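# Secondary and tertiary structure notes
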Amino acid sequence: MALANEMEEYKIIQSIPGIGEKIAATIISEIGEIDRFNHPKKLVAFAGVDPSVHSLRQPLIV
C-alpha cells in the first residue's frame, strides 16, 4: 500500500465513508487504468453494479 499512498486517486477513494486503506487499494488494483473507460457507465458496467436490466422478454420454454 506504500505505492498507493502516493496516488491522488487513493486518497480520493478513501474520502468515501466506509472506504478504508485496504478497500481503496483493492478498488484501484481492480480498475487499473481509469482512462480505458470513456464513460462512467462503462466503469459501472465493468464493476457489475449497473441496476438496469436489458432483456428480450422472451418466454421461457421448458
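Provided above is the structure to which this section pertains.
Residues numbered from 1 in each chain as written. Predicted model: local features only at pLDDT ≥ 70, side-chain atom pairs only at ≥ 80, totals over all residues. Heavy atoms only, no water.

## Things to note about the overall build of the protein chain
Here is the rule we go by: Where helices and strands are cited, they refer to DSSP runs of H or I of at least four residues and of E of at least two residues respectively, numbered from the N terminus. Residue contacts are counted whenever heavy atoms from the two residues lie within 4.5 Å of one another. Areas reported as accessible are Shrake-Rupley estimates using a 1.4 Å probe. Residue values count occlusion only from the protein chains shown.
Scanning the protein chain from N- to C-terminus turns up three helices and zero strands. Along its sequence from the N terminus, the protein chain presents helices and strands in the succession α-α-α. Counting contacts in the protein chain only where the partners sit at least 6 residues apart, residues at least 24 apart contribute 3% of the total. For the protein chain, the computed accessible surface area is about 5700 Å², with 60% contributed by carbon and sulfur atoms.

## Quick notes on the packing of aromatic side chains
Rules: Within 6.5 Å between ring centres, the rings of Phe, Tyr and Trp (the latter by its six-membered ring) count as paired, and their orientation is classed by plane angle as stacked under 30 degrees, edge-to-face over 60, tilted in between. Both a distance and an angle decide whether a charge sits over a ring: NZ of Lys or CZ of Arg must be within 6 Å of the ring centre and within 35 degrees of the ring normal.
Counted by the stated rule, this structure contains one aromatic pair. With centroids separated by 5.2 Å and ring planes inclined at 55 degrees, the aromatic side chains of Phe-37 and Phe-46 adopt a geometry described as tilted. Sitting over the face of the ring of Phe-46, Arg-36 holds its NZ or CZ atom 4.8 Å from the ring centroid.

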